[in-house]
Amino acid sequence: MSSKKFFLLFSVLTIFVLSGAGCISFKKSGNDLGVFRSGDKGDNWQQKVSVAHVGVADVSIAGVNIKDFEIDPSDSNALYALSEGQGIIYTYDNGDSWQLVKFFSGKTINSIAVDNKDKCNLYAAVDNKIFKSDDCNRTWKLIYDDPRADNKINALDLDSFNTQIVYAGSSQGDVLKSLDGGKSWKAINRLKSSVEKILINQANDTRVVFVATQKNGVYKTANAGESWEESQDILRTYGGGLEFRDMVYQKNSLILATKYGLLKTTLGNEWQAWQPINLITAPGTATIYSLSVNPQNSAEIYYVADKTFYRTADGGKTWTTKALPTTGAGTALLVNYANPNMLYLGITKIKK
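Numbers given to residues run from 1 along each chain, matching the order in which its sequence is written. The model is predicted, so local features are restricted to residues of pLDDT at least 70 and side-chain atom pairs to those at 80 or more, both for listing and for counting; the totals for chains, interfaces and linings are taken over all residues. Water and hydrogen atoms play no part in the side-chain values, which are based on all heavy atoms of the structure.

Caption draft 1: View of the overall build of the protein. Looking only at helices and strands, one finds two helices and 28 strands in the protein. Across the 352 residues of the protein, 52% fall into the buried class. Contact between two residues is taken to exist if any of their heavy atoms lie within 4.5 Å; hydrogens are not considered. In the protein, of all internal contacts separated by at least 6 residues, the share reaching a separation of at least 24 is 45%. Of the accessible surface of the protein, which amounts to about 15800 Å², a share of 50% is contributed by carbon and sulfur atoms. Counting from the N terminus, the helices are DSSP H or I runs at least four residues long and the strands are E runs at least two residues long. Buried means the residue's accessible area, taken with a 1.4 Å probe over protein chains only, is under 20% of the maximum for its type, while exposed means over 50%, and partly exposed covers the values in between. All accessible-area figures derive from a Shrake-Rupley calculation using a 1.4 Å probe, and residue coverage is judged against the displayed protein chains alone.

Below is the structure:
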């Protein structure tokens, strides 16, 4: 091949890669979105946006909006970033480099669940559909397709005791359950508000499931969905307490981020006895975008409100603050369960 033809072929291939060609629309590293990582509990942050791609050194996810994170329960170096409009972005090296799931190119990912007994089994919620991969992201198949196009699947979680049991929640308030890994589904509850998050008590009793709704508080089942308890009465006593922002379960406590602020309850017969966590800001004055708790120490709580990172080591008695290292908002926050000094921050450009 002549040098002229080789140069032309190389130029065409380069344009093909950088343009995405059905994959992610890469942004140059001058942008300050994507993912940031801290190794010292949020004192210092470093943008981690490099994409593992042979021959292209400067492409990154620095311009991608990150909605949430899901960490592999069996591999603390495996992290999945749920993006807005760019599909699933994942890392197997603790964020040093990222890879793409081409199947979801151009899609917004609402939720991901990873099998704790087989890391190659994954579930992803996109629009009104649920997809499953049983080969570590190589291929995906549709396992649920809601006939209502506007009924978005917002939340997924897997039972860690029996990973064939899958829960899903929709924007029209449906709570779905599968007993066979997604082959068949049934509705176990129909709530009056959009389901935003589902958390299973993985540590103690997986029959205990919490379902957070957009504007109607939190629901709990202690028997895998046969009956339900509601939290509206006590949460509505806190102005904005019914409006969901985020939710974290740790050991025997449930922490809820709401329009009011942070509320906490200890599980048991009195699980609805929510109490506010003291914040620096007055109730209802700051928009909380994300929340996370140290899995090894529930007194260490982290959240992002507006463009500020907040941290407490004593359950909220005192707080330290730090301005975010970005012009975007911290819409995703996660503490690494194996190394609680390691935090991940996902950034989104908030439209005004």
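Caption draft 2: Inspection of the sheet that holds strand β22 (residues 275–276) at higher detail. Taken together, the four strands give an open sheet; going across it, the order is β19-β20-β21-β22, and neighbouring strands pair in antiparallel fashion. Edge positions in the sheet fall to β19 (244–250) and β22, since each of these pairs with one other strand and no more. In short, DSSP must find at least two bridges between two strands for them to pair. In this structure, strand β20 (residues 253–258) lies alongside strand β21 (residues 262–266), joined through five bridges in antiparallel fashion. Considered in β21, the bridge of Ser 253 is made with Thr 266.

Caption draft 3: Up close: the sheet that holds strand β8 (residues 122–126). If you trace the four strands from one edge of the open sheet to the other, you get β7-β8-β9-β10, paired in antiparallel fashion. At either margin of the open sheet sits one strand with a lone partner, and together these are β7 (109–114) and β10 (141–145). Ignoring which end each strand starts from, the neighbouring axes of this sheet average 20 degrees apart. Where β8 meets strand β9 (residues 129–133), five bridges bridge the pair, whose relative direction is antiparallel. By the bridge assignment for β9, Ala 125 is matched with Ile 130. Angular values range over 0 to 180 degrees, each being the angle between N-to-C directions of two axes fitted as lines to C-alpha atoms, with helices fitted over their stretch in contact.

Caption draft 4: Quick peek at the side chain of Lys 48. If you trace the backbone, Lys 48 turns up in the loop between β2 (46–47) and β3 (66–71). For Lys 48, a relative accessible area of 13% translates into the label buried. Residue contacts for Lys 48: discarding those within four places in its chain leaves Val 35, Phe 36, Arg 37, Ile 61, Gly 95, Asp 96 and Trp 98.

Caption draft 5: Seen up close, the environment of Asn 137. Along the polypeptide, Asn 137 turns up in the loop between β9 and β10. Relative accessible area serves as the criterion here: at 8%, Asn 137 is assigned to the buried category. Sequence separation of Asn 137 and Phe 103 is 34 residues, and the distance between their C-alpha atoms is 8.8 Å. Excluding residues within four positions of it along the chain, Asn 137 makes contact with Tyr 80, Tyr 90, Tyr 92, Val 101 and Leu 122.

Caption draft 6: Highlighting the confidence of the model for the protein. In this model, the protein carries an average pLDDT of 90, and 89% of its residues clear a pLDDT of 70 or more. By definition, pLDDT measures how confident the predictor is in each residue, and it falls between 0 and 100. Between residues 2–30, whose pLDDT stays under 50, and residues either more than four places distant or in other chains, the model counts 32 contacts.

Caption draft 7: Just the state of the cysteines, in detail. Cysteine sulfur atoms that come within 2.5 Å of each other are treated as a disulfide pair. On inspection of all chains with the given rule, the structure shows one disulfide. In this model Cys 120 forms its disulfide with Cys 136; the gap between the sulfur atoms is 1.8 Å. Residues Cys 120 and Cys 136 are joined by a disulfide whose S-S torsion is about -75 degrees; by sign, that bridge is left-handed. In this pair, Cys 120 sits in the loop between β7 and β8 while Cys 136 sits in the loop between β9 and β10, placing the two residues 16 residues apart along the sequence.

Caption draft 8: Just the pattern of salt bridges, in detail. The working definition used for a salt bridge is a side-chain nitrogen of Lys or Arg within 4 Å of a carboxyl oxygen of Asp or Glu. This model, assessed by the stated rule, comprises 14 salt bridges. One salt bridge in this structure joins Arg 37 and Asp 96, with 3.1 Å as the shortest N-O distance. Taken together, the residues Arg 37 in strand β1 (residues 34–38) and Asp 96 in the loop between β5 (88–91) and β6 (99–100) connect sequence positions 59 residues apart. Taking relative accessible area as the criterion, Arg 37 reaches 17% and is therefore assigned buried. The exposure class assigned to Asp 96 is partly exposed, which follows from its relative accessible area of 42%. The partner of Asp 246 in a salt bridge is Lys 197, with the nearest N and O atoms 2.9 Å apart.

Caption draft 9: Structural context of the environment of Lys 186. Within the secondary structure layout, Lys 186 lies in strand β14 (residues 186–190). Note: C-alpha distance between Lys 186 and Tyr 167 (19 residues apart in sequence) is 9.8 Å. Setting aside residues up to four positions removed in sequence, Lys 186 forms contacts with Val 175, Leu 176 and Lys 177.

Caption draft 10: Expanded view of the packing of aromatic side chains. The rule is short: rings of Phe, Tyr and Trp, with Trp giving its six-membered ring, pair when the centres are within 6.5 Å, and they are stacked under 30 degrees, edge-to-face over 60, tilted in between. If you walk through the whole model with that rule in mind, you get 16 aromatic pairs. An angle of 70 degrees between the planes, with centres 5.5 Å apart, marks the rings of Phe 103 and Phe 131 as edge-to-face. In this pair, Phe 103 is assigned in the loop between β6 and β7 and Phe 131 in strand β9, connecting sequence segments 28 residues apart. Judged by its relative accessible area of 45%, Phe 103 is partly exposed. Residue Phe 131 is classed as buried on the basis of its relative accessible area of 11%. Plain terms: the ring middles of Phe 104 and Trp 140 are 4.9 Å apart, the flat faces sit at 70 degrees to each other, and that makes the pair edge-to-face. Of the two residues, Phe 104 sits in the loop between β6 and β7 while Trp 140 sits in the loop between β9 and β10, which places them 36 residues apart along the sequence. Using a relative accessible area of 2% as the deciding quantity, one classes Phe 104 as buried. Overall, Trp 140 belongs to the buried group, its relative accessible area being 9%.

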